[in-house]
Amino acid sequence: MAAEVDREERRRRVWGTTLLRLLVLVATLLALAAFSIALAKVTLTPSPASEDLVRSNLRPGRSLRQYAEDYTFLAACKQAGGNLLLGVPFGILLPILVPRRLRMLRMVALTVTVMVVIELVQGALVPGRAFDIDDAILNTSGALLGYLLVGRRISHRYHLLAEGTTRVEATPEPKRKVAPKSGPKSKTKSKSKLTSKPRPKLTSKPRPKPSSRTKATPVSKAKSKAKPKSKSRSRAATDRNASGLVASGRALFGRLLTRDR
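Residues numbered from 1 in each chain as written. Predicted model: local features only at pLDDT ≥ 70, side-chain atom pairs only at ≥ 80, totals over all residues. Heavy atoms only, no water.

A positive phi angle, near 55°, is found at Leu 102, a position not held by glycine. Relative to the helices and strands, Leu 102 resides in the loop between helix 3 (73-97) and helix 4 (103-125). (Helix = DSSP H or I, 4+ residues; strand = E, 2+ residues; numbered from the N terminus.)

A word on a nonpolar patch on the surface. The grouping of Leu 145, Leu 149, Val 150 and Ile 154 at the surface amounts to a nonpolar patch, some 340 Å² of accessible area in total. With respect to the element layout, Leu 145 can be found in helix 5 (residues 133-170). (Patch = residues over 30% accessible without salt bridge, like charges linked within 9 Å, V, L, I, M, F, W, Y side chains within 5 Å. Areas by Shrake-Rupley, 256 points an atom, 1.4 Å probe, with all protein chains shown as cover. Salt bridge = Lys/Arg side-chain N within 4 Å of Asp/Glu carboxyl O.)

Compared with the 36 Å implied by 1.5 Å per residue over 25 residues, the 37 Å span of helix 3 between its first and last C-alpha is a close match. Ala 76, Ala 80, Asn 83, Leu 86, Gly 87, Pro 89, Phe 90, Gly 91, Leu 93, Leu 94, Pro 95 and Ile 96 are the residues of helix 3 that are buried. (Expected span 1.5 Å × (residues − 1). Buried < 20%, exposed > 50% of the residue type's maximum accessible area, 1.4 Å probe, protein only.)

This part covers the nonpolar core. Phe 35, Leu 39, Leu 86, Phe 90, Leu 94, Met 107, Met 115, Ile 118, Ala 136, Ala 143 and Tyr 147 form the largest nonpolar core, which has 11 residues in total. At the level of elements, helix 1 (2-44), helix 3, helix 4 and helix 5 are the ones that each hand at least two residues to this core. When near neighbours in sequence (up to four residues on either side) are disregarded, Met 115 contacts Leu 39, Leu 86, Phe 90, Ala 136 and Asn 139. (Core = buried A, V, L, I, M, F, W, Y, C linked by side-chain atoms within 4.5 Å. Contact = heavy atoms within 4.5 Å.)

Here His 159 shows up in helix 5. Taking relative accessible area as the criterion, His 159 reaches 10% and is therefore assigned buried. A polar atom in the side chain of His 159 sits 3.2 Å from the backbone oxygen of Pro 95. Beyond its immediate stretch of four places on either side in the chain, His 159 contacts Pro 95, Ile 96, Val 98, Pro 99, Arg 100 and Arg 103. (Polar contact = N/O pair within 3.5 Å; in protein donor to acceptor, adjacent residues only side chain to side chain.)

All chains considered together, the criterion is met by 2 aromatic pairs. Ring centres of Phe 35 and Phe 90 lie 5.0 Å apart, and the angle between their planes is 85°; this geometry places the pair in the edge-to-face category. Of this pair, Phe 35 sits in helix 1 while Phe 90 sits in helix 3, and the two are 55 residues apart along the sequence. We classify Phe 90 as buried; its relative accessible area is 6%. When the ring of Tyr 67 is compared with that of Tyr 71, the centres are 5.3 Å apart and the planes differ by 75°; the resulting orientation is edge-to-face. Overall, the relative accessible area of 36% leaves Tyr 71 in the partly exposed class. (Phe/Tyr/Trp six-rings, centres within 6.5 Å; stacked < 30°, edge-to-face > 60°.)

Turning to the layout of surface pockets, a few remarks are in order. Of the voids in this model, the largest pocket is the one considered here, and its volume is about 740 Å³. With 5 residues, the single largest contributor to the lining of the largest pocket is helix 3. (1 Å grid on protein atoms, 1.4 Å probe; cavity = no way out; pocket = protein on both sides within 12 Å on 5 of 7 lines; lining within 4 Å. Points joined across faces, edges and corners; volume = space filled by probe spheres on them.)

Below, the structure is given as structure tokens:
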């Protein structure tokens with residue numbers, strides 16, 4: 001029962017996360033399509049009134065200086081701010097569609113390519129429009145601002161959700177533990193295990209090694225016993241020598257007396 005409940009919970013989690021991912025992807029694609037339509041209307045609409053005034057710019061910072069010098073403060077803010085706002089949706093939407101690894105660099109590269117293509121189309125096909133490198137720089141900086149403020153958090157959560165679903169799908173289901181079959185053999189084994197008590201092992205106690213003191217005691221006793229024997233033998237030998245000398249002296253003295261007579 002517990003395993004079945006775990007399976008159902010996992011299935012619900014997987015289905016819920018996949019539905020969330022699909023909804024987020026659909027919403028981002030719709031928002032990107034709407035933004036591309038708005039961008040095409042803003043950038044690719046011809047303006048014949050400004051054909052004589054507009055010129056192509058290949059030097060970075062030239063248009064910005066012109067905004068600061070020739071335009072009023074409000075006009076310069078509108079021109080620069082409009083180019084910044086055009087790049088913000090790229091920083092919010094593209095990180096969701098781009099893989100997680102090096103997503104900021106990929107987002108910047110895509111934004112630069114799209115904006116450079118739009119500027120080239122403006123200069124080549126649209127009357128009253130010209131290629132301006134400063135517009136591409138402002139659009140890319142707007143994309144970076146959108147990514148740092150909003151897009152990074154949204155894309156991080158989305159990719160974490162995607163990784164969670166893949167991990168849940170990859171985890172194997174826990175295997176059921178099969179209970180052992182209870183038969184006559186198992187009963188006899190269990191009875192024998194219960195009846196047979198473990199016999200205590202006879203541990204051979206290690207004999208104490210004789211120390212230097214214990215070894216020295218019998219030797220000292222033997223020496224002490226041997227010393228009086230040697231003394232008694234030497235005394236008996238001296239007594240025998242003395243008795244022999246006395247006997248030899250008596251024999252000599254007896255011989256001398258016999259010769260005088």
